[in-house]
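Okay, here's what each chain looks like letter by letter:
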Amino acid sequence: MIHITGETGLTGLLGSPVAHSISPLMHNYSFQSLGLDYVYLCFDVKEQGLKDAVQGLRALNVKGFNLTMPDKNKVLEHLDELSCAARLIGAVNTVENRDGRLIGHNTDGIGFMRSVAEQGLEMKGKTMTLLGAGGAATAICAQAALDGVAYMHIFLRSTSSHLSRMEALAENLSAETGCKFQIHDIRDLQTLEHAVRESTLLVNATSVGMAPRPDTCILPEDFAFPAALSVADIIYNPWETRLLSLAKKAGCKTFNGYGMLLYQGAEAFRIWTGREMPMKQVREYLQTDF
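Residues numbered from 1 in each chain as written. Predicted model: local features only at pLDDT ≥ 70, side-chain atom pairs only at ≥ 80, totals over all residues. Heavy atoms only, no water.

### Focus on the nonpolar core
- By size, the foremost hydrophobic cluster in this structure holds 36 residues, and its most contacted members are Phe112, Met152 and Leu201.
- Of all the secondary structure elements, the ones that give two or more residues to this core are helix 3 (84-89), helix 4 (108-118), strand 7 (127-131), helix 5 (135-146), strand 8 (151-156), helix 6 (163-177) and strand 10 (201-204).
- Sort the elements by how many residues they give to this core and helix 5 lands first, with seven residues.
- The residues contacting Phe112, other than those within four sequence positions of it, are Ile140, Leu201, Val203, Ala232, Phe255 and Met260.
- Met26, Tyr40, Leu262 and Tyr263 belong to the second-largest nonpolar core, a separate cluster that totals 21 residues. (Core = buried A, V, L, I, M, F, W, Y, C linked by side-chain atoms within 4.5 Å. Buried < 20%, exposed > 50% of the residue type's maximum accessible area, 1.4 Å probe, protein only. Helix = DSSP H or I, 4+ residues; strand = E, 2+ residues; numbered from the N terminus. Contact = heavy atoms within 4.5 Å.)

### A short note on the sheet that holds strand 11 (residues 230-233)
- Pairing is parallel in the open sheet, where six strands are placed in the order 9-8-7-10-11-12. Two strands close off the open sheet at either side, each with one partner strand: strand 9 (180-185) and strand 12 (253-255). Across the sheet, the axes of successive neighbouring strands diverge by a mean angle of 15 degrees, strand direction being ignored.
- Pairing geometry for strand 7 and strand 8, over five bridges, is parallel. Looking at strand 8, one finds that Thr129 is bridged to His153.
- Contacting strand 10, strand 11 and strand 12, helix 8 (residues 242-249) runs over the sheet at an angle of about 170 degrees to strand 11. (Pairing = 2+ DSSP bridges. Axes fitted to C-alpha atoms, helices over the stretch in contact; angles between N-to-C directions.)

### Here we look at the pairing of strand 3 (residues 64-67)
- Burial of the side chains of strand 3 extends over both faces: Gly64 and Asn66 are buried on one face and Phe65 and Leu67 on the other.
- Across four bridges, the pairing between strand 1 (residues 9-15) and strand 3 is parallel. In the sheet register, Leu14 faces strand 3, and the bridge partner there is Leu67.
- Where strand 3 and strand 5 (residues 94-98) come together, three bridges link them in antiparallel fashion. Bridge assignment links Asn66 to a residue of strand 5, and that residue is Thr94.

### Considering unusual backbone geometry
- Backbone torsion omega between Ala211 and Pro212 reads 15 degrees, so that peptide bond is classified as cis.
- For Pro212, the location among the structural elements is in the loop between strand 10 and strand 11.
- A cis amide bond links Asn237 to the next residue, Pro238, at an omega of 15 degrees.
- Its location among the elements puts Pro238 in the loop between strand 11 and helix 8.
- Residue Asn61 is not a glycine yet carries a positive backbone phi of 60 degrees.
- Here Asn61 lies in the loop between helix 2 (50-59) and strand 3.
- A positive phi angle, near 55 degrees, is found at Asp99, a position not held by glycine.

As far as function goes, none of this settles anything; it's purely spatial.
Here is the structure:
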């Protein structure tokens, strides 16, 4: 049972929709497990109400809050400071209230890279191939470069509205981290097969393959996966996408986006409380069938 006191610290999630989020389960269970006097709530806040919501949370002196779509980009203008990753990505999913100053962070990329490490993969100095150019892709791209990935192939549609943003991000990251980037058209399968042959990890950061269309796949059925390649999909519903199924049949190590989901939340938890989320217990508590 959650005990609310006169000193309970408020955290929460802003976005729309938010009713489906597992964040309240994850955070409230962790607060209780560690005996922390905090509570986590969801607030359905659309873009037009974001300014008022942030001003209200600042006035209430909340401990911090998360953001999901459509608020991740729009919140930047209402914050006092950004972390390095948030500045590079241009999106915030976690806000910390530090003595009245609202500091924006992006923990999505950190969450993904922690899930990679959990698989026993060392990516420093290695090559990675990334499919996609949306919000998740940019967060993963930035954090991978900050964590020491040496070379990154990024594949997206040449007609994508995100192309210019991804080109600018790659240029900024290259200057800041030394990581080298090449951006390709995702329809160029010959170049894609060459890229994965020299990569340690292939990441699908698109929504292709997600329920309610789990039969779809970002790559063709006969794609040549090298057995030494590890393949990640940020999707976790279904638990094993068609992409992961094909890669597994080729002998690849595979993992989905559930670890990313948990670890991005764990990083927000650490930012707000200074404590590590009890991940083993959280996994056992959630035990969700997606």
